[in-house]
Amino acid sequence: MSSIKKVAIIGTGVIGAGWIIRCLAHNKIIYAFDKDLKLKKNLISEIKRTWPYVKKLFNKKKLNLNNFHFFTSIEQTLKDADFIQECATENYSLKTKLMSTIGKYAKSNSIIASSSSGLLPTRIYSKCKNPERGIIGHPFNPVYLLPAVEIVPGKRTSNKNLNLAKKFYKSISMNPIMVKNELPGYLSDRLQEALWREGLHIINEGYATTEELDRAIEDGPGLRWSLMGTFLTFHLAGGKTGMKHMLEQFGPALKLPWTKLKAPKLSKKLSSRLISGTAKQAKGKSVVMISNIRDQYLVDIQKLRKKYEKKLR
């Protein structure tokens, strides 16, 4: 298990709050940084909202808010932290500048991780002191429930620090995905982006609504993907000989013009279809109400899935 106990979270938006909640559930000491002290109140209310789900998933009895410390000074936030998780806006110049500041005030051996969902670590850490400790630790929303985290090295990241980061994420019940080399968008977001772009074409050309496309995933591939990904699913589609037969049978379809994989222009017409379609799906429920429904579902499905995971993973 990881010996890392003191964690600094830089930025307390949706992703930062998710990291804070997950770390608190695993008895880490949290130093949270944001510019505005007023955000502390919002953060505590989000911790309390999510706690029933977190408590159930991780079998925790009570929430210890004594482990939570909020600062508006970045220097104070970083001085004792062994692990730093940065959650600022997705922007190269902002992150590069921020990493330079973090590198200046952090302990020389603390690991620095960025929650970026697609930027290259070599560039983000180009002005950071000791860039060998800089990594990407890309989570998925809601961070406090979903176990995936993509660990992406920069050109100067050391193996030692990659292994320490992997141990740390495992200590907060995450399943790290070790990306071999940096690439824009990493792994999961590239896959999600391909599906998203194809969906935009289908809606743009009037073949389906946002709800119909969501149903096409929810009631079909999505239920399988929750247990196994695309490749193992397709392996099973090949019958006794698995992937081999699957490729013989369905391989020729790759030559057919089934997908476009080039994003359409996000026109007013397309934007309005996406906005009105998803508003219709929400049926008047607020984001918080929908979040609570989703969280309960994710807890239940992960608990249910554990007994099957043991047979496959």
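One structure accompanies this document, and this report is about it. Computed from a predicted structure; not experimentally measured. Sequence order as written defines the numbering, with residues in each chain counted from 1. Only residues with pLDDT of at least 70 are given local features in this predicted model, and only at 80 or more are side-chain atom pairs given and counted; all residues enter the totals for whole chains, interfaces and linings. Only heavy atoms go into the side-chain values, all of them from the structure, while hydrogens and water stay out.

### Structural notes on the packing of aromatic side chains
Just so we agree on the cut-off: Any two rings among Phe, Tyr and Trp, with Trp reduced to its six-membered ring, count as a pair given centres within 6.5 Å; such a pair is stacked if its planes are under 30 degrees apart, edge-to-face if over 60, and tilted if neither. A helix here means a DSSP run of H or I that spans at least four residues, while a strand means a run of E at least two residues long, and both kinds are numbered starting from the N terminus. Buried, partly exposed and exposed residues are distinguished by accessible area as a fraction of the type maximum, computed with a 1.4 Å probe on protein chains only: under 20%, between the cut-offs, and over 50%, respectively.
The final tally for this structure, using the stated rule, is five aromatic pairs. On the numbers, 5.5 Å between centres and 35° between planes, the contact of tryptophan 19 with tyrosine 169 is tilted. Remark: tyrosine 169 occurs in helix H6 (residues 159-171) and tryptophan 19 occurs in helix H1 (residues 14-25); sequence separation between them is 150 residues. When its relative accessible area of 0% is taken as the criterion, tyrosine 169 is described as buried.

### Let's talk about the environment of aspartate 82
Rules: Any two residues whose heavy atoms approach within 4.5 Å at even a single point are treated as in contact. The definition of a polar contact used here is a pair of N or O atoms within 3.5 Å, where within protein one atom must be able to donate a hydrogen and the other to accept one, and adjacent residues in sequence count solely through side-chain atom pairs.
Along the polypeptide, aspartate 82 turns up in the loop between helix H3 (74-78) and strand E4 (83-86). Sequence-distant contacts of aspartate 82, that is, excluding residues within four places in its chain, are made with Ile4, Lys5, Lys6, Lys107, Ser110 and Ile111. Looking at aspartate 82, its side chain comes within polar contact range of the side chain of lysine 107, at 2.7 Å.

### A word on unusual backbone geometry
Of note, the amide linkage connecting asparagine 141 to proline 142 takes the cis form, showing an omega dihedral of 0°. Structurally, the position occupied by proline 142 is in the loop between strand E6 (134-139) and strand E7 (148-153). One non-glycine residue, asparagine 59, adopts positive backbone phi at about 50°. Relative to the helices and strands, asparagine 59 is located in the loop between helix H2 (39-58) and strand E3 (68-71). You will see that lysine 283, though not glycine, has its phi angle at about 50°, which is positive. Within the secondary structure, lysine 283 sits in the loop between helix H12 (268-282) and helix H13 (287-312).

### Some points on H2
Note the threshold: One fitted axis covers the seven residues ending at a residue, a second covers the seven starting there, and the bend at that residue is the angle between these axes.
Of all the bends found along H2, the most pronounced is centred on tryptophan 51 and spans about 50°, while proline 52, a proline, follows it within four residues. Among all positions in H2, only Leu43, Ile47, Arg49, Thr50, Trp51, Tyr53, Val54, Leu57 and Phe58 are buried. Just downstream of H2 lies asparagine 59, where phi reads positive at about 50°.

### Digging into the packing of helix H7 (residues 188-204) against H12
Our working definition: Throughout, an axis means a line fitted to C-alpha atoms (over the contacting stretch in the case of helices), and angles, computed between N-to-C directions, take values from 0 to 180 degrees. By the definition adopted for this analysis, an angle is roughly parallel if under 35 degrees, roughly antiparallel if over 145, roughly perpendicular if from 65 to 115, and oblique otherwise. Note on residue categories: nonpolar means Ala, Val, Leu, Ile, Met, Phe, Trp, Tyr, Cys or Pro, charged means Asp, Glu, Lys or Arg, and polar means any other residue, Gly included.
As a packed pair, H7 and H12 sit with axes 10 Å apart at the nearest point and diverge in direction by 105°. Overall, the two elements H7 and H12 adopt an arrangement that is roughly perpendicular. Judged by residue contacts, Trp196, Leu200, Ile203 and Asn204 of H7 engage Leu270, Arg273 and Leu274 from H12. Tallied by class, the residues present in the contact of H7 with H12 amount to five nonpolar, one polar and one charged.

### Considerations on the pattern of salt bridges
How we decide: Any Lys or Arg side-chain nitrogen found within 4 Å of a carboxyl oxygen on Asp or Glu counts as a salt bridge.
Counted under the stated rule, the structure contains 14 salt bridges. One salt bridge in this structure joins aspartate 300 and lysine 56, with 3.4 Å as the shortest N-O distance. You can see aspartate 300 sitting in helix H13 and its partner lysine 56 sitting in helix H2, a full 244 residues away along the chain. Salt bridges linked by common partners bring Glu46, Arg49, Arg294 and Asp295 together as one network.

### Here we look at the pairing of E6
Note the cut-off: Two strands are said to pair when DSSP picks up at least two bridges between them.
Most of E6 sits out of view: six of its six residues are buried. Where burial is concerned, the two faces of E6 agree: the one with Gly134, Ile136 and His138 and the one with Ile135, Gly137 and Pro139 are both buried. With three bridges joining them, strand E5 (residues 111-114) and E6 adopt parallel strand pairing. In the sheet register, isoleucine 112 faces E6, and the bridge partner there is glycine 134. Where E6 and E7 come together, five bridges link them in antiparallel fashion. Bridging across to E7, isoleucine 136 finds its partner in valine 152.

### Quick look at the packing of helix H8 (residues 210-218) against H12
At their nearest, the axes of H8 and H12 sit 8 Å apart, and the two run at 65° to each other. Where H8 abuts H12, its residues Thr210, Glu211 and Asp214 lie against Arg273, Leu274, Gly277, Thr278, Lys280 and Gln281.

### Digging into the side chain of threonine 12
With respect to the helices and strands, threonine 12 occurs in the loop between strand E1 (6-10) and H1. Ignoring any residue separated from it by four or fewer positions in sequence, one finds threonine 12 in contact with Ala17, Ile20, Ala32, Phe33, Asp34, Leu39, Leu43 and Phe70.

### Considering the nonpolar core
Rules: In plain words, nonpolar cores are sets of buried Ala, Val, Leu, Ile, Met, Phe, Trp, Tyr and Cys residues tied together by side-chain atoms within 4.5 Å.
Grouped together as the largest cluster of nonpolar side chains are 39 residues, with contacts concentrated most on Trp19, Ile20, Ile30, Phe83 and Tyr169. Leaving out residues up to four positions away in the same chain, tyrosine 169 has contacts with Trp19, Phe83, Gln85, Ala113, Ile135, Gly137, Val149, Ile151, Met174 and Pro176. Judged by nonpolar contacts, the second largest core, of 22 residues, contains Tyr31, Leu78, Ile84 and Met99.

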